[in-house]
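Here's the letter readout for the chains.
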Amino acid sequence: MSEYLSKRSTHGVFKLTLEISDNVFRKSFRLNRVQFDGIHELIKGHIIGIRDYNGSISSEEKLSVCLRYLATGDMFKTIAMSYRMGKRTVSSIVSQVCKAIWRHLQPVHMPKPTVEMWEEIALDF
């Protein structure tokens, strides 16, 4: 393992998010800290298990990696360098976290349309 990757817990972007202002946090993740914590509480049980050379990656850090990708559209390679982890690790995290977010938020925010819902939508036309 490279010395660069081994310093994730002290020099990675996730460690720095604890020090940034709330305004910068919101701009970075498109969520405020309360919203971040709320989503984390919903999905944390479903985003465990990914390990890299440095050991387990916390569920908070996984959510941070995924939201950074969704908020910026940045390349996995760039995110990997910032968070000091491998590109394949970032790819696995984004996939795992997106599936968990969809599993928990889709039924609430995008429920399967019913006949009644379609009829109500049709009234607007």
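Residues numbered from 1 in each chain as written. Predicted model: local features only at pLDDT ≥ 70, side-chain atom pairs only at ≥ 80, totals over all residues. Heavy atoms only, no water.

Caption draft 1: Looking closely at the overall build of the protein. A tally of regular secondary structure across the protein gives nine helices and two strands. Taken over C-alpha atoms, the radius of gyration comes to 17 Å for the protein, far larger than the 14 Å a tight globule of 125 residues would show. In terms of overall dimensions, the protein has C-alpha extents of about 60 × 30 × 25 Å along its principal axes. Scored against the burial criterion, the 125 residues of the protein give a buried share of 32%. Taken as a whole, the protein presents about 8,300 Å² of accessible surface, with 58% of it coming from carbon and sulfur. Taken together, the 18 basic and 13 acidic charged side chains of the protein have centroids lying 11 Å from each other. (Helix = DSSP H or I, 4+ residues; strand = E, 2+ residues; numbered from the N terminus. Rg over C-alpha atoms; globule rule 2.2 N^0.38 Å. Buried < 20%, exposed > 50% of the residue type's maximum accessible area, 1.4 Å probe, protein only. Areas by Shrake-Rupley, 256 points an atom, 1.4 Å probe, with all protein chains shown as cover. Lys, Arg positive; Asp, Glu negative; His and termini not counted. Charge placed at Lys NZ, Arg CZ, Asp CG, Glu CD.)

Caption draft 2: Structural detail: the packing of helix α5 (residues 33-43) against helix α6 (residues 59-72). Between α5 and α6, the shortest axis-to-axis distance is 10 Å and the interhelical angle comes to 115 degrees. Classified by chirality, the crossing of α6 by α5 is right-handed. Counted together, Phe36, Ile39, His40 and Ile43 of α5 and Ser59, Glu60, Leu63, Ser64 and Leu67 of α6 form the full contact between these two elements. Partitioned by chemical class, the residues of the contact of α5 with α6 number five nonpolar, three polar and one charged. (Axes fitted to C-alpha atoms, helices over the stretch in contact; angles between N-to-C directions. Left-handed = near helix turned anticlockwise from the far one by under 90°. Contact = heavy atoms within 4.5 Å. Nonpolar A, V, L, I, M, F, W, Y, C, P; charged D, E, K, R; others polar.)

Caption draft 3: Representation of the side chain of Ser28. Along the polypeptide, Ser28 turns up in helix α4 (residues 22-29). At 2.9 Å, the side chain of Ser28 and the backbone oxygen of Val24 are in polar contact. Setting aside chain neighbours within four positions, we find Ser28 in contact with Ile20, Arg68 and Ala71. (Polar contact = N/O pair within 3.5 Å; in protein donor to acceptor, adjacent residues only side chain to side chain.)

Caption draft 4: Representation of the nonpolar core in the model. Counting 24 residues, the largest nonpolar core has Ile43, Leu63, Val65, Tyr83, Met85, Val90 and Val97 as the members making the most contacts within it. Residue assignment for this core shows that the elements contributing at least two residues are α3 (13-17), α4, α5, α6, α7 (76-83) and α8 (87-109). Those residues in contact with Val90 that sit more than four places away from it in its chain are Val65, Phe76, Ile79, Ala80 and Met85. (Core = buried A, V, L, I, M, F, W, Y, C linked by side-chain atoms within 4.5 Å.)

Caption draft 5: Focus on the pattern of salt bridges. What the rule picks out here adds up to two salt bridges. The partner of Arg33 in a salt bridge is Asp22, and the shortest N-O contact between them spans 2.6 Å. Residue Arg33 is located in helix α5, and its partner Asp22 is located in helix α4; the two are separated by 11 residues in the primary sequence. Given a relative accessible area of 25%, Arg33 falls into the partly exposed group. On the basis of relative accessible area, Asp22 is assigned to the exposed category, the value being 54%. The partner of Glu41 in a salt bridge is Lys44, and the shortest N-O contact between them spans 3.2 Å. Judged by its relative accessible area of 35%, Lys44 is partly exposed. (Salt bridge = Lys/Arg side-chain N within 4 Å of Asp/Glu carboxyl O.)

Caption draft 6: Seen up close, the packing of aromatic side chains. According to the stated counting rule, one finds four aromatic pairs in the structure shown. Between Phe25 and Phe36, the ring centres sit 5.6 Å apart and the planes meet at 80 degrees, which makes this aromatic pair edge-to-face. Of this pair, Phe25 sits in helix α4 while Phe36 sits in helix α5, placing them 11 residues apart in sequence. Both residues of the pair, Phe25 and Phe36, count as buried. Pairwise contacts between aromatic rings join Phe25, Phe29 and Phe36 into one cluster. (Phe/Tyr/Trp six-rings, centres within 6.5 Å; stacked < 30°, edge-to-face > 60°.)

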